Amino acid sequence: MPSLGPDMEAGTLVEWLIKPGDDVHRGDIIAVVETHKGAIEIEVFEDGVLETYLAEIGKTIPVGTPMAVIRGAGQDVPSRDQQLLAAADATTQKKEVAPAEPVHKTAPDTKPDQTVSGSSLPSGKPGMRVRITPAARRRAKESGLDLMSFENPGFGPEGVITLADVEARIDAKPGAPGAAANVAGPMEKSGMRKAIAAAMSRSKREIPHYYLGHTIDLSKAAAFVTQTNANRPPAERLLLGALYLKAVARALGKYPEFNGHFTGDIFHPNAAAHIGMAIRIRGGGLVAPAIHNTESLDLDSVMSAIRDLVSRVRAGRFRSSELSDPTITISSLGDRGVDTLYGVIYPPQVALIGIGTPSTRPWVQDGVLVPRQIANISLAADHRVSDGHQGALFLRAISNFLQAPETL
Amino acid sequence: MNTIEIEAVLKEEIHRIAPDIDVTTIDRDANLQEEFDIDSMDFLHLVTALSSRFNIDMPQADYPRMMTYNAMTAYLNEHAWSH
């Protein structure tokens, strides 16, 4: 079970996407794990063949626990001892791994203690989840179905709620999407809040933050976006956010002391800019998954990546590397916020860029007072790694790149 | 497509983006983004979806005519009729 951030202690396996005997390659998505942040697609770190499952669907698995045995390319078939070990491990667990596909109304032999539904567990226990397949969760979310309304286990293996269960419930409840809409129920919220609390407490405890702010003229960037979008269909339009990401990526090229991870008392700069984008989750909380290699993507590719990421975050499903890889975070208040954001760094990162809501303000340019589109940008940075001097140069560099949007 | 059908599509697409907001409780003449608590990315997703559903352009220059629920309905009625 990979750690997908300093706030994660465990994850619940909801789906295997490969079978024993299948080839796997680095970066392949092999499983889906449910965490406080939603359903996360787990990527494999090496090439090889999946030998055995060690983790069981529906089980909550602590970070660091092996989930499967993967025989590396060129490695021998595991020894008899290893096989026995795996077998022993499997027998200590109550049930065998069952496929997560929807299964129609098999014998209702599901033990109540195996389900995580409203009626069969003590109420108010944090971290408790309805067990549901990702497809079913998505469908329930789309239709505004309250997952907590499932009093009985679903018909899938081990009482997992399947797509068929959700469809049946939607059919049985016509025209009521608005009412029971908040899928992020109280339990889900507290899980997310706990995760944020853990990460931010660690940040404030360990990271000696310093803060800098700068007022920048976004008129050229905004005009560039308007002009670019004028003849484009909606699916190809840009937002200012894409320009922010690119400008930060370019500035990081000059100031690498803001891009990387601080672990084991040492700062490890990263060559690539995996920029975490703070994305609000409806119903409470936020996540900041990475747009990978922002420095090498053109503006349109960055924009497509943002669209894709936001859609998947809204649908509650993203990839493990997107959560563990960010090397810096951008948090933008968008067009309905306030002037300034003061960031809290997400460990083990060492910097966060905050972007306030742009507004039209008086500005002096070449000795003349003119109305311009103005925004405050801020930097929260780790004093163990950098100083205010570099921080100031970094913020100015971001501003300068935004003055030449056509070069981004 | 008639007015009722057009509004049904609008409701469906808004619901996809803001499933927690009941359309019957909003002020239809107030700012759409405020009423549904959606950001510029959500709004772009909405326009992209509507543009594709109705096969109309919905240029960015027309955004000021889509700022409220009622304005959006009127805009769609005006442009989607021809299809």
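Residues numbered from 1 in each chain as written. Chains lettered and ligands numbered in written order. Predicted model: local features only at pLDDT ≥ 70, side-chain atom pairs only at ≥ 80, totals over all residues. Heavy atoms only, no water.

**Quick word on the confidence of the model for chain A**
Phase 1 of the analysis: In this model, chain A carries an average pLDDT of 80, and 72% of its residues clear a pLDDT of 70 or more.
Phase 2 of the analysis: Of the regions scoring below 50 in pLDDT, residues 151-158 of chain A engages in 27 contacts with residues more than four places distant in sequence or in other chains. (pLDDT = per-residue confidence, 0-100. Contact = heavy atoms within 4.5 Å.)

**Thoughts on the interface of chain A and chain B**
Phase 1 of the analysis: Of the residues lining the interface, 22 residues belong to chain A; the matching set on chain B comes to 25 residues.
Phase 2 of the analysis: For the pairing of chain A and chain B, the buried interface totals around 2,100 Å² over both sides, and the portion due to carbon and sulfur atoms is 47%.
Phase 3 of the analysis: On the surface where chain A and chain B come into contact, there are 6 salt bridges.
Phase 4 of the analysis: Its salt-bridge partner being B:Asp37, residue A:Arg336 comes within 2.6 Å of it at the nearest N-O pair.
Phase 5 of the analysis: Along the contact surface separating chain A from chain B lie 14 residue pairs in polar contact (both at pLDDT 80 or more).
Phase 6 of the analysis: It is helix α7 (residues 299-314) of chain A that provides the largest number of residues to the side of chain A that touches chain B, a total of 6 residues.
Phase 7 of the analysis: Split by residue class, the side of chain A that touches chain B holds 8 nonpolar, 5 polar and 9 charged. (Buried area = accessible area lost by both parts, 1.4 Å probe. Salt bridge = Lys/Arg side-chain N within 4 Å of Asp/Glu carboxyl O. Polar contact = N/O pair within 3.5 Å; in protein donor to acceptor, adjacent residues only side chain to side chain. Helix = DSSP H or I, 4+ residues; strand = E, 2+ residues; numbered from the N terminus. Nonpolar A, V, L, I, M, F, W, Y, C, P; charged D, E, K, R; others polar.)

**Some remarks on the packing of aromatic side chains**
All names here are of chain A.
Phase 1 of the analysis: What the rule picks out here adds up to 4 aromatic pairs over all chains.
Phase 2 of the analysis: Here a set of aromatic residues connected by ring pairs shows up, and it is made of Tyr255, Phe258 and Phe394.
Phase 3 of the analysis: Its guanidinium or amino end placed over the ring of Phe262, Arg384 lies 3.8 Å from that ring's centre, counting from NZ or CZ. (Phe/Tyr/Trp six-rings, centres within 6.5 Å; stacked < 30°, edge-to-face > 60°. Lys NZ or Arg CZ within 6 Å of the ring centre and 35° of its normal.)

**Quick look at the sheet that holds strand β3 (residues 29-35) of chain A**
Residue and element names in this part refer to chain A.
Phase 1 of the analysis: Taking strand neighbours across the sheet as the criterion, the 5 strands line up as β6-β1-β3-β4-β15 in an open arrangement whose pairing is mixed. The open sheet terminates on both sides in strands that have one partner only, identified here as β6 (60-62) and β15 (317-319). Pairwise comparison of adjacent strand axes, ignoring direction, gives a mean angle of 40° for this sheet.
Phase 2 of the analysis: Pairing geometry for strand β4 (residues 38-43) and β15, over 3 bridges, is parallel. Bridge pairing links Glu41 to Arg319 in β15. (Pairing = 2+ DSSP bridges. Axes fitted to C-alpha atoms, helices over the stretch in contact; angles between N-to-C directions.)

**Digging into helix α4 (residues 69-80) of chain B**
All names here are of chain B.
Phase 1 of the analysis: End to end, α4 covers 16 Å across 12 residues, agreeing with the expected 16 Å (1.5 Å per residue, within 8%).
Phase 2 of the analysis: The set of residues buried in α4 consists of Tyr69, Met72, Thr73, Tyr75, Leu76, Asn77 and Ala80.
Phase 3 of the analysis: Residues of α4 that are buried in the fold lie against α1 (3-17), α2 (32-36) and α3 (40-54). (Expected span 1.5 Å × (residues − 1). Buried < 20%, exposed > 50% of the residue type's maximum accessible area, 1.4 Å probe, protein only.)

**Some remarks on the sheet that holds strand β7 (residues 68-72) of chain A**
All names here are of chain A.
Phase 1 of the analysis: Across the sheet, 3 strands lie side by side as β2-β5-β7; this open sheet has antiparallel pairing. Either end of the sheet is taken by a strand with one partner, and the two such strands are β2 (23-24) and β7.
Phase 2 of the analysis: In this sheet, strand β5 (residues 48-53) lies alongside β2 in antiparallel orientation, the contact comprising 2 bridges. Counted as the bridge partner of Asp23 is Val49 from β5.

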